[in-house]
Amino acid sequence: MCGFRLQPEELPEVFRLEEGSPASGQTIHELDLRRRTGVTVIAVVRGERSHPNPHPDLKLETADHLVLMGSHAEMEQAFDLLEPPGPGPAWARLPPRRG
């Protein structure tokens, strides 16, 4: 049986573009994540619409969900480029859980 197997170090991740992300307003081609980080954009979800295998000319918008494929190290680099400038990563700025 022949088929594609994901390597354990290469798993898909979803990244939501927040307000102020440097990627908002850029096309996938302009962002150039594959060359800059090794990560591939395999889909973009905008609202209720999915764009699998998106065209390089697709302009990214705030609140888009990017489905990315790459290694953990590549994801860290990509997330650093996609996050809005500010004090630490977006997940670190979330309010503490109560309960």
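Residues numbered from 1 in each chain as written. Predicted model: local features only at pLDDT ≥ 70, side-chain atom pairs only at ≥ 80, totals over all residues. Heavy atoms only, no water.

**Observations concerning the environment of I42**
Secondary-structure assignment places I42 in strand β2 (residues 40–46). Each C-alpha atom, one on I42 and one on M69, is 6.7 Å from the other, the two residues being 27 residues apart in sequence. Not counting chain neighbours up to four residues away, the residues in contact with I42 comprise P52, N53, P54, V67, L68 and M69. (Helix = DSSP H or I, 4+ residues; strand = E, 2+ residues; numbered from the N terminus. Contact = heavy atoms within 4.5 Å.)

**As for the sheet that holds strand β1 (residues 10–16)**
Hydrogen bonds along the backbone pair up the strands of a sheet, which may run parallel or antiparallel. The antiparallel open sheet is built from 4 strands, whose spatial order is β1-β4-β2-β3. The open sheet has two edge strands with one neighbour each: β1 and β3 (49–52). Ignoring which end each strand starts from, the neighbouring axes of this sheet average 20° apart. Relative to strand β4 (residues 65–71), β2 is paired through 5 bridges, and the arrangement is antiparallel. Paired with T40 across the two strands is M69, which belongs to β4. Against the sheet, helix α3 (residues 72–82) touches β1 and β4, its axis set at about 145° to β4. (Pairing = 2+ DSSP bridges. Axes fitted to C-alpha atoms, helices over the stretch in contact; angles between N-to-C directions.)

**Side note on unusual backbone geometry**
Here D32, not a glycine, exhibits a phi torsion of approximately 55°, which is positive. The topology assignment puts D32 in the loop between α1 (28–31) and α2 (33–37). A positive phi angle, near 45°, is found at N53, a position not held by glycine. By the element assignment, N53 lies in the loop between β3 and β4. Looking at N53, the relative accessible area reads 68%, which means it is exposed. (Buried < 20%, exposed > 50% of the residue type's maximum accessible area, 1.4 Å probe, protein only.)

**What about the environment of L60?**
As for its position among the elements, L60 is in the loop between β3 and β4. Between the C-alpha atom of L60 and that of L17, which follows or precedes it by 43 residues, the distance is 8.4 Å. In this structure, L60 is in contact with L17, A23, S24, G25, Q26, I28, L31, V44, R46 and L66, ignoring residues within four places of it in sequence.

**A few points about the pairing of β2**
Across 4 bridges, the pairing between β2 and β3 is antiparallel. Residue pairing in the sheet places R46 in a bridge with R49 of β3. Hairpin connection between β2 and β3: a loop of 2 residues separates the two successive antiparallel strands, and G47 in this loop has a positive phi of roughly 65°.

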